[in-house]
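Residues per chain, in single letters:
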Amino acid sequence: MAVIESLIAGSEKLTEIFGNWPSFHDAEVLDLRLDRGDIQTDKSVYEFPALTLKIHVWELTNKTNSEGYLILLHHTLATLKFCDVADFQMQGFNHQNALMELILKSEERTEGPSPYFAVKLEPAFGIEASFKCLRIEVIDVVPCSDTGELILSADSQ
């Protein structure tokens, strides 16, 4: 079976930073957007529902700093887009949406398009969600602060 990142468009944007596909353990969902899509059969427009997540993710090391806290590296704001979303369920979204894990499974179905992804946002605190989708894309990855805020360069100010 293929490793999950090989099925995700743009996954190299994250694997180049982290060396592999991250587990998203302790990552925080900062933004969640749902787009209902646009279906106009008479005009041959078929844009199905999509979900976009902005997630603050980092690498957890086994090293500690002078205060005894684990050192975190590569603070990154990742934007993931899930296309053709179905069976969306969510609860617990609040002021801090820390994940235990982002679970992505490629599955086959007996009816309808296959393969598809079964996605679960396993909560550590806050958001818990699950849904199915046909495609996942890493839209963007940018460095951020340890609080998930974009780091602006002197040129962009």
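Coordinates for the structure precede this section.
What you see is a predicted model; the values in this text were computed from it and never measured.

Asks: Give me the lowdown on the overall build of the protein chain, citing residues and values where you can.
Replies: For the protein chain, the helix and strand inventory stands at one helix and 10 strands. Along the protein chain, helices (α) and strands (β) appear in the sequence α-β-β-β-β-β-β-β-β-β-β when read from the amino end. Principal axes of the C-alpha set define a box for the protein chain whose edges measure 60 × 40 × 30 Å. The proportion of buried residues among the 157 residues of the protein chain is 33%. Residue pairs in contact within the protein chain that sit at least 24 positions apart in sequence constitute 59% of those at least 6 positions apart. Split by element, the accessible area of the protein chain, about 9,700 Å² in all, is 49% carbon and sulfur.

Asks: Any chance you could break down a nonpolar patch on the surface for me, citing the residues and the numbers?
Replies: A surface patch of nonpolar side chains, amounting to about 310 Å² of accessible area, comprises Ile 39, Tyr 46 and Phe 48. Along the chain, Phe 48 falls in the loop between strand S3 (45–47) and strand S4 (50–64).

Asks: Describe unusual backbone geometry, listing the residues and the values that go with them.
Replies: Of note, Asp 84 is a non-glycine position whose phi angle comes to about 60°, a positive value. You can see Asp 84 is positioned in the loop between strand S5 (70–83) and strand S6 (86–91).

Asks: I'd love a proper account of the side chain of Thr 76, names of residues and values included.
Replies: When you line up the elements, Thr 76 lands in strand S5. For Thr 76, the side chain forms a polar contact with the main-chain oxygen of His 74, separated by 2.7 Å. Residues within four places of Thr 76 in sequence aside, it is in contact with Ile 17, Phe 18, Ile 55, His 56, Val 57, Val 141, Val 142 and Cys 144.

Asks: For the packing of aromatic side chains, give the residues involved together with the corresponding values.
Replies: Following the criterion strictly, the structure yields three aromatic pairs and no others. Both rings, one in Phe 88 and one in Phe 131, keep their centres 6.0 Å apart while their planes meet at 40°; by these two values the pair is tilted. A residue pair is termed long-range when its members are at least 10 positions apart, and Phe 88 in strand S6 and Phe 131 in strand S9 (residues 128–133) qualify at 43 residues. Linked through ring pairs, Phe 82, Phe 88 and Phe 131 together constitute an aromatic cluster.

Asks: Please provide a residue-by-residue account of the nonpolar core, values included.
Replies: If you look at the biggest cluster of nonpolar residues, it comprises 29 residues, and the most contacted ones within it are Leu 14, Phe 24, Phe 82, Leu 104, Val 119 and Leu 121. For this core, the secondary-structure elements that each account for two or more residues are helix H1 (12–18), S4, S5, strand S7 (98–107), strand S8 (116–125), S9 and strand S10 (135–143). Residues contacting Phe 24, with those up to four places away along its chain left out, are Leu 14, Ile 55, Val 57, Leu 80, Leu 99, Met 100, Glu 101 and Leu 102.

Rules behind the numbers
- Residues numbered from 1 in each chain as written.
- Predicted model: local features only at pLDDT ≥ 70, side-chain atom pairs only at ≥ 80, totals over all residues.
- Heavy atoms only, no water.
- Helix = DSSP H or I, 4+ residues; strand = E, 2+ residues; numbered from the N terminus.
- Buried < 20%, exposed > 50% of the residue type's maximum accessible area, 1.4 Å probe, protein only.
- Contact = heavy atoms within 4.5 Å.
- Areas by Shrake-Rupley, 256 points an atom, 1.4 Å probe, with all protein chains shown as cover.
- Patch = residues over 30% accessible without salt bridge, like charges linked within 9 Å, V, L, I, M, F, W, Y side chains within 5 Å.
- Salt bridge = Lys/Arg side-chain N within 4 Å of Asp/Glu carboxyl O.
- Polar contact = N/O pair within 3.5 Å; in protein donor to acceptor, adjacent residues only side chain to side chain.
- Phe/Tyr/Trp six-rings, centres within 6.5 Å; stacked < 30°, edge-to-face > 60°.
- Core = buried A, V, L, I, M, F, W, Y, C linked by side-chain atoms within 4.5 Å.

Keep in mind these values describe shape, not function.
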